[in-house]
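What follows is each chain in one-letter form.
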Amino acid sequence: MGVRLFANPVVGAEDNLKKVILNVEGMACPMCPLMVKMAVKNLEGVIEADVNYKEAKAVVSYQGGKVTNA
């Protein structure tokens, strides 16, 4: 089963820096967050990504205009 991300509303913005909390479905082992984090951080405009296995959530900081949460 693949990992699926579902965006919650943007929770903060400052100087075009935005933050979003993503629900992450399909993580099957404790190594999955590392893989999700690496994939998200490879997107142009992503500043930081923190992924929590137990909560199945990712908090992503990104530059508005370079990345969308759609």
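Everything below is about the structure printed above this text.
Residues numbered from 1 in each chain as written. Predicted model: local features only at pLDDT ≥ 70, side-chain atom pairs only at ≥ 80, totals over all residues. Heavy atoms only, no water.

**Student:** I would appreciate a short explanation of unusual backbone geometry in the present structure.
**Tutor:** The phi torsion of most residues other than glycine is negative, and most of the peptide bonds are trans. Of note in the backbone geometry, A56 takes a positive phi value of approximately 55° without being a glycine. Mapped onto the elements of the fold, A56 is located in the loop between β3 (46-52) and β4 (57-63). Owing to a relative accessible area of 26%, A56 belongs among the partly exposed residues under this scheme. (Helix = DSSP H or I, 4+ residues; strand = E, 2+ residues; numbered from the N terminus. Buried < 20%, exposed > 50% of the residue type's maximum accessible area, 1.4 Å probe, protein only.)

**Student:** Is there a simple way to think about the environment of G65 in this case?
**Tutor:** With respect to the helices, strands and loops of the structure, G65 is situated in the segment after β4. As for G65 and N16, which are separated by 49 residues in sequence, their C-alpha atoms are 7.8 Å apart.

**Student:** So what exactly am I meant to see when it comes to the environment of P30 here?
**Tutor:** Turning to its location among the elements, P30 is positioned in the loop between β2 (17-25) and α1 (32-41). When the C-alpha positions of P30 and Y53 are compared, they lie 6.3 Å apart, and in sequence the two are 23 residues distant.

**Student:** In this structure, what is going on with the environment of L17? I would like to understand it.
**Tutor:** Note that L17 resides in strand β2. Between the C-alpha atoms of L17 and Y62, which are 45 residues apart in sequence, the distance is 5.7 Å.

**Student:** For this particular structure, what's the right way to read the nonpolar core?
**Tutor:** Nonpolar side chains in soluble globular proteins generally cluster together in the buried interior. Judged by nonpolar contacts, the single largest core of 14 residues is most densely connected at M27, V36, V40, V46, A58, V60 and Y62. At the level of secondary structure, the elements contributing two or more residues to this core comprise β2, α1, β3 and β4. (Core = buried A, V, L, I, M, F, W, Y, C linked by side-chain atoms within 4.5 Å.)

**Student:** Sorry, what's going on with α1 here?
**Tutor:** One turn of the α-helix equals 3.6 residues, which is why residues spaced by three or four share an orientation. Taken together, the buried positions of α1 are occupied by C32, P33, V36 and V40. Across the axial projection of α1, the buried residues extend over an arc of 95°, all falling on one side. (Arc of directions from axis to C-beta.)

**Student:** Help me understand the pairing of β3 in this model?
**Tutor:** Working note: regular strand, side chains alternate between the two faces of the sheet. Summarising the sheet, β3 and β4 pair through six bridges and their orientation is antiparallel. Across the sheet, the residue bridging to V51 is A58, located in β4. The hairpin formed by β3 and β4 contains four residues between the paired strands, and A56 there has a positive phi angle of roughly 55°. (Pairing = 2+ DSSP bridges.)

**Student:** Help me understand the pattern of salt bridges, please; the structure alone is not making it clear to me.
**Tutor:** Where charged atoms of side chains with opposite charge meet at close range, the side chains can pair. Inspection of every chain in the model, using the stated rule, returns three salt bridges. For the salt bridge of K37 with E48, the shortest nitrogen-to-oxygen distance reads 3.8 Å. Highlighted residues: K37 in helix α1 and E48 in strand β3, separated in sequence by 11 residues. Overall, the relative accessible area of 28% leaves K37 in the partly exposed class. On the accessibility criterion, E48 (29% relative accessible area) is partly exposed. Across the pair K41 and E48 runs a salt bridge, and its minimum N-O distance is 3.9 Å. Salt bridges here are not isolated pairs; linked through shared partners, they connect K37, K41, E48 and D50. (Salt bridge = Lys/Arg side-chain N within 4 Å of Asp/Glu carboxyl O.)

These figures come from the coordinates and say nothing about function on their own.
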